[in-house]
Amino acid sequence: MQGYDPGAFPPFAVTVDLAVFTVREGELHVLLVERGQEPYRGAWALPGGFLLPHESAETAARRELAEETGLSERSAAGLHLEQLRTYSEPDRDPRMRVVSVAFTALVPDLPEPRGGGDAARARWAPLRRAAPLAFDHDRILADAHDRIGAKLEYTCLATAFCPPRFTLGELQQVYETVWGVELDRPNFRRKVLATPGFVEPAEGGPRRTGGRGKPAALYRAGSASALRPPLLRPEGRRP
C-alpha cells in the first residue's frame, strides 16, 4: 500500500491464553500447565502460546490447548470457547512486546490432562489455590471467573453439570460452586421454577436426599438455552 512502511513500526507477537473451568468433586477447578521453558520455568500458568502466521486466534487456542494439556484434538475442537478480552500491557512478557487474546470456557466432563509441547505438566487445580500464576495470568483468571459467573446468570449452562435427573438442591450447588456464594434455598427454588424452559419435571418418583424432610422432586434440563429473566447473583457478591 502506497505510503505504508512496515519497518516504521516495532514488531510484536500475538499469543492466546485459555482459562478453562470445570466442576470436580463439588469445587470449581481451572486447567493449568507447568511451564517447561523460560521465562517462569517451573511456574504454573494458563495454557496458551504464540499465534502462527496462518492461524486465527481461535484456531491457535484449540491447537495450544491440545498440545499443552494432552487433550485430544477432537476434545479441544468440541469445546465452546468464548473470547474474553485482549491483554496488551507493554511489559506483560519479559521476552518482547506480546499481545494476548484470551479465551474462556466452562465445560463438564473433561478428561484428566497431561503435559505436552512447552508444558512440563498439566492438571486441574482448585480455583481457590490456583494463584500465583506466571505472567499476568492471575488477572486473566480473575476476569474469566467473572465472565463464567455471568454466563450462569443468563444461560442454562448450570444444568450440564447436574445428573440427567437432578434435584433443585443439586442445581443450586452448581451455582454456589461457580459463584462462590451461599444462596437462599426458597428464593433460588422460586426463581428457577418461575423461569420458562429452565427445568422440567423428570419422570419417576422423587428421590430421598438423606435428610428428615420429604423426598426431593427430580427435574431435568428444559428446552430453553437463555434465561429470561436472568438468574442474577446476589448484589455485591461477584467473584
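Residues numbered from 1 in each chain as written. Predicted model: local features only at pLDDT ≥ 70, side-chain atom pairs only at ≥ 80, totals over all residues. Heavy atoms only, no water.

(A) Quick look at the pattern of salt bridges. The final tally for this structure, using the stated rule, is 17 salt bridges. Measuring nitrogen to oxygen at the nearest pair gives 3.7 Å for the salt bridge that ties Asp 17 to Arg 92. With Asp 17 in strand β1 (residues 13-24) and Arg 92 in the loop between β5 (82-87) and β6 (98-106), this pair connects stretches of sequence that are 75 residues apart. The burial state of Asp 17 is the same as that of Arg 92; both residues are buried. Counted as one network, the salt bridges with shared partners bring together Glu 55, Arg 63, Glu 64 and Glu 67. (Salt bridge = Lys/Arg side-chain N within 4 Å of Asp/Glu carboxyl O. Helix = DSSP H or I, 4+ residues; strand = E, 2+ residues; numbered from the N terminus. Buried < 20%, exposed > 50% of the residue type's maximum accessible area, 1.4 Å probe, protein only.)

(B) How the structure looks around the packing of helix α4 (residues 168-179) against helix α5 (residues 185-194). Where α4 meets α5, the axes come as close as 10 Å, and the angle between the chain directions of the two elements is 100°. Taken together, the axis directions place α4 and α5 in an arrangement best described as roughly perpendicular. Judged by residue contacts, Leu 168, Leu 171, Gln 172 and Tyr 175 of α4 engage Arg 185, Phe 188, Arg 189, Val 192 and Leu 193 from α5. Looking at the contact of α4 with α5 residue by residue, the classes come out as six nonpolar, one polar and two charged. (Axes fitted to C-alpha atoms, helices over the stretch in contact; angles between N-to-C directions. Parallel < 35°, antiparallel > 145°, perpendicular 65-115°, else oblique. Contact = heavy atoms within 4.5 Å. Nonpolar A, V, L, I, M, F, W, Y, C, P; charged D, E, K, R; others polar.)

(C) Up close: the nonpolar core. Among the nonpolar cores identified, the biggest contains 41 residues, and Phe 21, Leu 106, Leu 141, Leu 152, Leu 171, Tyr 175 and Phe 198 are the most heavily contacted of them. Every element with two or more residues in this core is listed here: β1, β2 (27-35), β5, β6, α3 (137-154), α4 and α5. No other element matches the six residues that α4 contributes to this core. Ignoring sequence-local partners within four residues, the contact set of Leu 152 consists of Leu 106, Leu 157, Ala 158, Val 174, Tyr 175, Val 178, Trp 179, Leu 227 and Leu 231. Ala 60, Leu 79, Val 107 and Leu 110 belong to the second largest nonpolar core, which has 19 residues in total. (Core = buried A, V, L, I, M, F, W, Y, C linked by side-chain atoms within 4.5 Å.)

(D) View of unusual backbone geometry. Here the bond from Glu 38 into Pro 39 is cis, since omega is 0°, no more than 30 degrees from zero. On the secondary structure map, Pro 39 appears in the loop between β2 and β3 (44-45). The linkage connecting Ala 131 with the following residue, Pro 132, adopts the cis geometry, with an omega of 0°. Residue placement: Pro 132 occurs in the loop between β7 (119-126) and α3. Even without being a glycine, Glu 25 presents a positive backbone phi close to 50°. Within the secondary structure, Glu 25 is located in the loop between β1 and β2. One non-glycine residue with positive phi stands out, namely Tyr 40, at about 65°. The topology assignment puts Tyr 40 in the loop between β2 and β3.

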